Amino acid sequence: MRIDTEPKLGFKDVLIRPKRSTLESRSDVSLSRQFTFKHAEGEWNGVPIMIANMDTVGTFRMAKSAAEFQILTTVHKHYSLQEWGAFLKKIEPAVYDYVAISLGISNKEFAKLEEIMGSFPQLRFICIDVANGYTERFVEFVRKVRASFPTKIIIAGNVVTGEMVEELVLSGADIIKVGIGPGSVCTTRIKTGVGYPQLSAIIECADAAHGLKGQVVSDGGCTCPGDIAKAFGAGADFVMLGGMFAGHDECDGEVVEQAGQKLFRFYGMSSDIAMERHNGGVADYRASEGKSVLIPYRGPVSNTIKDLLGGVRSACTYVGAAKLKELSKRTTFIIVGEQENRIFAEK
Ligand code: 5GP
């Protein structure tokens with residue numbers, strides 16, 4: 001046993017210190033970024049926010065709406081080849097840049113990836129997603145996908161420490177997915193005691209990835225636009241969001257009425273409800289590591305996107321970053337014992 005005594009920080013532990021700036025308004029700030037990748041071919045231009053590959057939020061309808069804002073959707077892995085075909089037939093070529101195919105690490109999923117990519121070679125992003133990115137099997141799978149798809153942009157995770165980020169970048173991943181346990185419907189930390197405060201995970205993993213010309217996406221734990229700004233400030237190249245995109249018209253899932261209020265069921269991808277839905281039950285050897293919640297219905301996602309982009313733009317003006325790319329260079333975090341004033345918070 002060993003104890004690491006260096007304090008590790010989450011979003012709630014810090015605020016961003018304002019800085020003098022010459023920017024006059026939020027409208028002066030560009031949130032678009034241009035990336036080239038360690039392994040993949042070509043450039044990508046867009047707003048570096050990703051919608052999580054959860055079956056409620058990472059839907060085709062979400063991808064279509066989010067692409068209008070140049071936001072990437074990691075589409076969940078449960079659509080069939082036929083459903084992919086029906087979706088891609090209806091969209092404009094520009095949307096291809098904002099859609100990722102997700103998969104786990106089974107042979108069956110690899111075969112489906114080959115089929116989808118074979119039929120729709122314009123797709124550029126592959127998201128290889130497992131709860132625990134520390135296994136040798138996962139690393140081997142990343143190598144195999146890279147060997148089969150040398151030009152595609154590979155997102156892979158999840159991990160939270162620099163040495164594993166390096167291993168994955170060197171094994172063929174372009175963007176490493178960072179986060180274990182911070183998610184809104186995740187219970188990993190309760191069920192297993194394993195995790196890493198997200199802000200420190202981003203800082204450490206971004207440093208490791210950037211040293212090798214890789215990128216990171218901070219995955220999970222953002223509860224408000226300010227957290228997204230902190231994630232970018234900490235060095236995340238992309239930020240992935242699940243809960244903040246839940247409950248919209250573009251989502252899939254159960255809508256219930258309670259006391260005259262319309263509510264939407266949102267759940268973790270390893271919750272009982274997700275495992276019942278996709279795997280016919282929770283396997284004996286594993287515990288459910290996700291929960292299910294009912295949240296207020298929120299209408300079209302475009303309003304939420306405008307609100308969160310507005311928040312990040314405003315953060316940039318507070319520190320004088322004319323471009324999102326400059327935000328982390330201009331960020332000084334202060335460690336705080338308070339966040340917002342809760343006097344009028346809903347009880
Ligand atoms: P959020 O933005 O809602 O805080 O976090 C979204 C992320 O939570 C997802 O991208 C995924 O990494 C993670 N996640 C989704 N479902 C589950 C689950 O059932 N268990 C765990 N441990 N994490 C989950």
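Residues numbered from 1 in each chain as written. Predicted model: local features only at pLDDT ≥ 70, side-chain atom pairs only at ≥ 80, totals over all residues. Heavy atoms only, no water.

Moving on, we come to the overall build of the protein. Helix and strand content of the protein: ten helices and 14 strands. A compact globule built from 347 residues should have a C-alpha radius of gyration of about 20 Å, and the protein, at 19 Å, falls within 12% of that. Seen through its C-alpha atoms, the protein measures out along the principal axes to roughly 55 × 55 × 55 Å. Relative to its full complement of 347 residues, the protein shows a buried share of 52%. About 16,500 Å² of surface is accessible on the protein, with carbon and sulfur atoms providing 50% of the total. In the protein, 41 side chains carry a positive charge and 41 a negative one; their mean positions are 3 Å apart. (Helix = DSSP H or I, 4+ residues; strand = E, 2+ residues; numbered from the N terminus. Rg over C-alpha atoms; globule rule 2.2 N^0.38 Å. Buried < 20%, exposed > 50% of the residue type's maximum accessible area, 1.4 Å probe, protein only. Areas by Shrake-Rupley, 256 points an atom, 1.4 Å probe, with all protein chains shown as cover. Lys, Arg positive; Asp, Glu negative; His and termini not counted. Charge placed at Lys NZ, Arg CZ, Asp CG, Glu CD.)

Moving on, we get to the packing of helix H5 (residues 162-170) against helix H7 (residues 198-211). Packed helix pairs are characterised by how far apart their axes lie and by the angle those axes make with each other. Where H5 meets H7, the closest approach of the two axes is 8 Å, and the angle between their N-to-C directions is 35°. For the element pair H5 and H7, the recorded crossing hand is right-handed. Side by side, H5 and H7 meet where Gly-162, Val-165 and Glu-166 of the first sit next to Glu-204, Cys-205, Ala-208 and Ala-209 of the second. Taken together, the residues of the contact of H5 with H7 sort by class into four nonpolar, one polar and two charged. (Axes fitted to C-alpha atoms, helices over the stretch in contact; angles between N-to-C directions. Left-handed = near helix turned anticlockwise from the far one by under 90°. Contact = heavy atoms within 4.5 Å. Nonpolar A, V, L, I, M, F, W, Y, C, P; charged D, E, K, R; others polar.)

Turning to the packing of aromatic side chains, a few remarks are in order. Within this structure, the stated rule accounts for ten aromatic pairs. Both rings, one in Trp-44 and one in Tyr-98, keep their centres 5.7 Å apart while their planes meet at 65°; by these two values the pair is edge-to-face. Residue Trp-44 is found in strand S3 (residues 43-51), and its partner Tyr-98 is found in the loop between helix H2 (81-90) and strand S5 (99-103); the two are separated by 54 residues along the sequence. Pairing Phe-60 with Trp-84 gives two aromatic rings, centres 4.9 Å apart and planes at 80°, and the pair type is edge-to-face. (Phe/Tyr/Trp six-rings, centres within 6.5 Å; stacked < 30°, edge-to-face > 60°.)

Another point: the sheet that holds strand S11 (residues 255-258). Read from one edge to the other, the open sheet built from three strands follows the order S11-S12-S13, with strand pairing classed as antiparallel. Looking along the sheet, the strands with just one partner apiece sit at the ends: S11 and strand S13 (292-296). Taken over all neighbouring pairs, the strand axes of this sheet differ in orientation by 40° on average, direction set aside. Bridge count between S11 and strand S12 (residues 261-267): four bridges; the pairing is antiparallel. Each residue of the ladder has a partner; that of Glu-257, found in S12, is Lys-262. (Pairing = 2+ DSSP bridges.)

Attention shifts here to the site of the ligand. In the region of the ligand, 20 residues are neighbours, and Ser-184, Thr-188, Asp-219, Ser-270 and Glu-289 sit closest. Gly-221 has a polar backbone atom sitting 2.9 Å from an oxygen atom of the ligand. For the ligand, whose free accessible area comes to 520 Å², the fraction covered by protein is 90%. A per-class count over the shell around the ligand returns six nonpolar, twelve polar and two charged. (Near = heavy atom within 4 Å. Polar contact = N/O pair within 3.5 Å; in protein donor to acceptor, adjacent residues only side chain to side chain.)

The next point concerns the pattern of salt bridges. Summed over the entire model, instances satisfying the criterion amount to 13 salt bridges. Of the charged contacts, one joins Lys-8 and Glu-204 as a salt bridge, the two residues approaching to 2.7 Å between their closest N and O atoms. Of this pair, Lys-8 sits in the segment before strand S1 (14-16) while Glu-204 sits in helix H7, and the two are 196 residues apart along the sequence. The exposure class of Glu-204 is partly exposed, given its relative accessible area of 25%. Asp-252 serves as the salt-bridge partner of Arg-61, at 2.4 Å between the closest nitrogen and oxygen. Here Arg-61 is found in helix H1 (residues 60-67), whereas its partner Asp-252 is found in the loop between strand S10 (238-241) and S11, with 191 residues between them in sequence. The exposure class assigned to Asp-252 is partly exposed, which follows from its relative accessible area of 23%. (Salt bridge = Lys/Arg side-chain N within 4 Å of Asp/Glu carboxyl O.)

Right, let's talk about the environment of Thr-304 for a bit. Tracing the backbone shows Thr-304 in helix H10 (residues 301-319). Look at Thr-304 and you get buried, because its relative accessible area is 11%. Along the primary structure Thr-304 and Cys-222 are separated by 82 residues, whereas in three dimensions their C-alpha atoms are 14 Å apart. Non-local contacts of Thr-304, meaning those with residues more than four positions away in its chain, are made with Met-244, His-248 and Arg-298.

Our focus in this paragraph is the environment of Gly-42. Along the chain, Gly-42 falls in the loop between strand S2 (33-36) and S3. Counting along the chain gives 29 residues from Gly-42 to Asp-13, while the straight-line C-alpha distance between them is 38 Å. Not counting residues up to four positions away in its chain, the partners in contact with Gly-42 are Phe-35, Thr-36, Phe-37 and Arg-124.

One finds Trp-84, Leu-123, Ile-128 and Phe-245 to be the most contacted residues of the largest nonpolar core, which totals 107 residues. Once residues lying within four places of it in the same chain are set aside, the contact partners of Phe-245 are Ile-49, Ile-51, Val-57, Met-62, Cys-251, Arg-298, Val-301, Ile-305 and Leu-308. (Core = buried A, V, L, I, M, F, W, Y, C linked by side-chain atoms within 4.5 Å.)

So, about the side chain of Asn-53. Mapped onto the elements of the fold, Asn-53 is located in the loop between S3 and H1. Judged by relative accessible area, which is 11%, Asn-53 ranks as buried. When residues no more than four places from it in sequence are discounted, the contact partners of Asn-53 are Thr-74, Val-75, His-76, Ser-102, Cys-127, Asp-129, Lys-177, Met-240 and Met-269.

Keep in mind these values describe shape, not function.
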